[in-house]
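# Observations on the three-dimensional arrangement
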Amino acid sequence: MNIQPFHVAVPVHDLELCKAFYTSNFQCEIGRTDPHWIDLNLYGHQFVLHFKEDMKPDLHHNSVDGKSVPVPHYGVVLEWDQWQELSRRLKESQVEFVIEPYIRFEGEIGEQATLFLLDPSGNALEFKAFKNI
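Residues numbered from 1 in each chain as written. Predicted model: local features only at pLDDT ≥ 70, side-chain atom pairs only at ≥ 80, totals over all residues. Heavy atoms only, no water.

Counting its regular elements, the protein contains 2 helices and 10 strands. Secondary structure elements of the protein occur, N-terminal to C-terminal, as β-α-β-β-β-β-β-β-α-β-β-β. Expected size for 133 residues packed as a compact globule is a radius of gyration near 14 Å; at 15 Å, the protein falls within 12% of this value. For the protein, the spread of C-alpha atoms along the principal axes amounts to about 50 × 35 × 30 Å. Looking at the protein as a whole, 38% of its 133 residues are labelled buried. Contacts in the protein between residues at least 24 apart in sequence constitute 55% of all its contacts with a sequence separation of at least 6. Of the roughly 8000 Å² that the protein leaves accessible, carbon and sulfur atoms contribute 49%. Of note, the protein has its 11 positive side-chain charges centred 1 Å away from the centre of its 20 negative side-chain charges. (Helix = DSSP H or I, 4+ residues; strand = E, 2+ residues; numbered from the N terminus. Rg over C-alpha atoms; globule rule 2.2 N^0.38 Å. Buried < 20%, exposed > 50% of the residue type's maximum accessible area, 1.4 Å probe, protein only. Contact = heavy atoms within 4.5 Å. Areas by Shrake-Rupley, 256 points an atom, 1.4 Å probe, with all protein chains shown as cover. Lys, Arg positive; Asp, Glu negative; His and termini not counted. Charge placed at Lys NZ, Arg CZ, Asp CG, Glu CD.)

A separate point is the side chain of N123. Its place among the elements puts N123 in the loop between strand 9 (112-118) and strand 10 (124-130). For N123, the side chain forms a polar contact with the main-chain oxygen of P11, separated by 2.9 Å. N123 has contacts with V10, P11, V12, M55, Y74, L117 and L118, leaving out every residue within four places of it along the chain. (Polar contact = N/O pair within 3.5 Å; in protein donor to acceptor, adjacent residues only side chain to side chain.)

Our next topic: the pairing of strand 6 (residues 67-71). As judged from the 5 bridges shared by strand 5 (residues 60-64) and strand 6, these two strands associate in the antiparallel manner. Residue pairing for strand 6: N62 is matched across the bridge by V69. Between strand 5 and strand 6, which pair antiparallel one after the other, the connecting turn spans 2 residues, and D65 there sits at a positive phi close to 55°. (Pairing = 2+ DSSP bridges.)

Right, let's talk about the state of the cysteines for a bit. Each disulfide consists of a covalent bond between the sulfur atoms of two cysteine residues. Considering all chains together, one arrives at 0 disulfides under this definition. Left without a disulfide partner, C18 is nearest to the cysteine sulfur of C28, which lies 12 Å away. On the accessibility criterion, C28 (7% relative accessible area) is buried. (Disulfide = S-S within 2.5 Å.)

Pairing in this open sheet of 4 strands is mixed, and the strands run 1-4-3-2 from one edge to the other. The outermost strands of the open sheet, each flanked by one partner alone, are strand 1 (7-12) and strand 2 (29-34). In this sheet, adjacent strand axes meet at a mean angle of 25° when their direction is disregarded. Bridge count between strand 3 (residues 37-42) and strand 4 (residues 45-51): 6 bridges; the pairing is antiparallel. Bridging across to strand 4, L42 finds its partner in H45. The strands that helix 1 (residues 15-26) touches are strand 1, strand 2, strand 3 and strand 4; relative to strand 4, the one it contacts most, it runs at about 155°. (Axes fitted to C-alpha atoms, helices over the stretch in contact; angles between N-to-C directions.)

On to the sheet that holds strand 9. Taken in spatial order, the 4 strands line up as 7-10-9-8 in an open sheet, and their pairing is mixed. The open sheet has two free edges, formed respectively by strand 7 (73-78) and strand 8 (97-104), since each of these has just one partner strand. Put simply, the sheet's adjacent strands are angled 15° from each other on average, direction ignored. Two elements, strand 9 and strand 10, share 7 bridges in a ladder whose sense is antiparallel. Note that in strand 10 the partner of L117 across the bridge is L125. The strands that helix 1 touches are strand 7, strand 9 and strand 10; relative to strand 10, the one it contacts most, it runs at about 15°. Seen against the sheet, helix 2 (residues 80-92) touches strand 7, strand 8, strand 9 and strand 10 and runs at an angle of roughly 145° to strand 8.

This is the structure in C-alpha cells:
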C-alpha cells in the first residue's frame, strides 16, 4: 500500500515549548521554520506548528469503549512495533496521557493499540496501530 503523506497545521501558544515536545517525544525532524511557524516531519508526514497568541483548545469528548475520547484529535497510524516503542518511550518520559496506552478488540478482527495525550497547547493526539492492517 502506497500512501501519500498528509499535511496538517495546528495552532500552538508557544512554538519553542511545542517544538521541544514533538522533537523529544516523537523524534520529529525540523524542516523549514519562520518566527510564526515550524514544519516538522512526524513519521513521514508534514506537521506544522503555527503560533497563535492566547490559543485555547476547544475540545469536547465522546465516549468510546467507556473512555472519554477528546475531539478533535489527530495522529498517525503506526506499525505495531513502532507503536509499542512509542508507548514505552512516552511512559519512561512520564508523559501524562488522556487515555493510557491499551489494546482494543484484543484477539479479534480489528485488534488495535491506541493512546491519547495532549501537546503543551492542549491539542489532542492519538497514536494507534493495527495488529493486522
